[in-house]
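# A structural walkthrough
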Amino acid sequence: MVINMNWGVGLGMILDGALYRGEIGFAGEFSHIPLFNNNKLCSCGKHGCLETETSLLVLVEKAQEGLKAGRVSSLQGIPSNSPEEAYNLIIKSALEGDQFAIELLSEIGLKIGRGVSILIHLLNPKLIVLSGRGAMAGRIWQAPIQQALNEYCIPRLAHNTTIEVSELSYQAEMIGAAALVMENFEHLHLPKIETPRYEEAL
């Protein structure tokens, strides 16, 4: 399984060696598992979805709220109009050891781990890969996710599931899109382009 940690939280599943898309192609809506009684409206129109507590937009919002409340951090002055820039600053601060930034990531990691425990109970996967923009935080995610698995998962199930962080970061999306085109290139019905003969081109 690949969890795409981004402005939302996506999921890709490879079952028996093949990508699993579900009955109509929408399998993996991990973001919209209703896990929280927070009365927060999700982008899907429902309340309390995993996304409302774990997306990178939520991370940026919590950072801004904490700084306004007086938290001491090297994050002072993160932009309010550029989530991308704000997120990059949070990650940079966390990797440099900023306690507040690490706390923010750990809090979200615990909640993602709660969702991961559901996936493990349902499908008993061998490997779960954390990917997308969120993977830029690297191993910072692993401890809180493991902590959540210790709390919510049956030990004998969680024991056989490995959690890894992708080294592709958000480039995984572009590489995956390119791979999808290449994989299906032979099945594309492209119009045939007539190439002019050399004499006609002159």
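Just above sits the structure.
Okay, so let's go over this structure.

Calculation rules
- Residues numbered from 1 in each chain as written.
- Predicted model: local features only at pLDDT ≥ 70, side-chain atom pairs only at ≥ 80, totals over all residues.
- Heavy atoms only, no water.
- Helix = DSSP H or I, 4+ residues; strand = E, 2+ residues; numbered from the N terminus.
- Rg over C-alpha atoms; globule rule 2.2 N^0.38 Å.
- Buried < 20%, exposed > 50% of the residue type's maximum accessible area, 1.4 Å probe, protein only.
- Contact = heavy atoms within 4.5 Å.
- Areas by Shrake-Rupley, 256 points an atom, 1.4 Å probe, with all protein chains shown as cover.
- Lys, Arg positive; Asp, Glu negative; His and termini not counted.
- Charge placed at Lys NZ, Arg CZ, Asp CG, Glu CD.
- Salt bridge = Lys/Arg side-chain N within 4 Å of Asp/Glu carboxyl O.
- Phe/Tyr/Trp six-rings, centres within 6.5 Å; stacked < 30°, edge-to-face > 60°.
- Lys NZ or Arg CZ within 6 Å of the ring centre and 35° of its normal.
- Pairing = 2+ DSSP bridges.
- Axes fitted to C-alpha atoms, helices over the stretch in contact; angles between N-to-C directions.
- Core = buried A, V, L, I, M, F, W, Y, C linked by side-chain atoms within 4.5 Å.

### Overview of the overall build of the protein chain
If you tally the helices and strands in the protein chain, you get eight helices and five strands. Radius of gyration (C-alpha) of the protein chain: 21 Å, far over the 17 Å computed for a compact globule of 202 residues. By principal-axis analysis of the C-alpha atoms, the protein chain measures approximately 75 × 45 × 35 Å. Going through the 202 residues of the protein chain one by one, you find that 40% of them count as buried. The long-range share in the protein chain, meaning contacts at least 24 apart out of those at least 6 apart in sequence, stands at 62%. As presented, the protein chain carries roughly 12600 Å² of accessible surface, and 55% of it is formed by carbon and sulfur atoms. Positive and negative charge centroids in the protein chain, built from 15 and 22 side chains respectively, lie 6 Å apart.

### Comments concerning the pattern of salt bridges
A full pass over the atoms with the stated rule returns seven salt bridges. Residue Glu-53 is joined to Lys-111 by a salt bridge in which the shortest nitrogen-to-oxygen separation is 2.7 Å. In this pair, Glu-53 is assigned in helix α1 (residues 51–54) and Lys-111 in helix α4 (residues 99–123), connecting sequence segments 58 residues apart. Of the residues examined, Lys-111 reaches a relative accessible area of 19% and is grouped as buried. The salt bridge partner of Glu-107 is Lys-62, with a shortest N-O separation of 3.9 Å.

### Here we look at the packing of aromatic side chains
Under the definition given, this model contains one aromatic pair. For the pair Trp-7 and Tyr-87, a centre-to-centre distance of 6.3 Å together with 80° between the ring planes defines the contact as edge-to-face. Of this pair, Trp-7 sits in the loop between β1 (2–5) and β2 (9–15) while Tyr-87 is found in helix α3 (residues 83–95), placing the two residues 80 residues apart along the sequence. A cation over an aromatic ring shows up here: Lys-111 above the ring of Phe-36, its NZ or CZ 6.0 Å from the ring centre.

### Thoughts on the sheet that holds strand β3 (residues 18–20)
With respect to topology, five strands assemble into an open sheet ordered β3-β2-β1-β4-β5, the strand pairing being mixed. Each end of this open sheet is capped by a strand with a single partner; those strands are β3 and β5 (162–165). Going across the sheet, the axis of each strand differs from the next one's by a mean of 25°, ignoring polarity. Sheet topology places strand β4 (residues 127–131) next to β5; four bridges connect them, and they run parallel. Counterpart to Ile-128 in the pairing with β5 is Ile-163. Contacting β1, β2, β4 and β5, α4 runs over the sheet at an angle of about 160° to β1.

### As for the nonpolar core
Judged by nonpolar contacts, the single largest core of 44 residues is most densely connected at Ile-3, Phe-30, Leu-59, Leu-105, Val-116, Leu-130 and Trp-141. Looking at this core element by element, the count peaks at nine residues for α4. The residues contacting Leu-105, other than those within four sequence positions of it, are Leu-59, Ile-91, Ala-94, Ala-137, Ile-140 and Trp-141.

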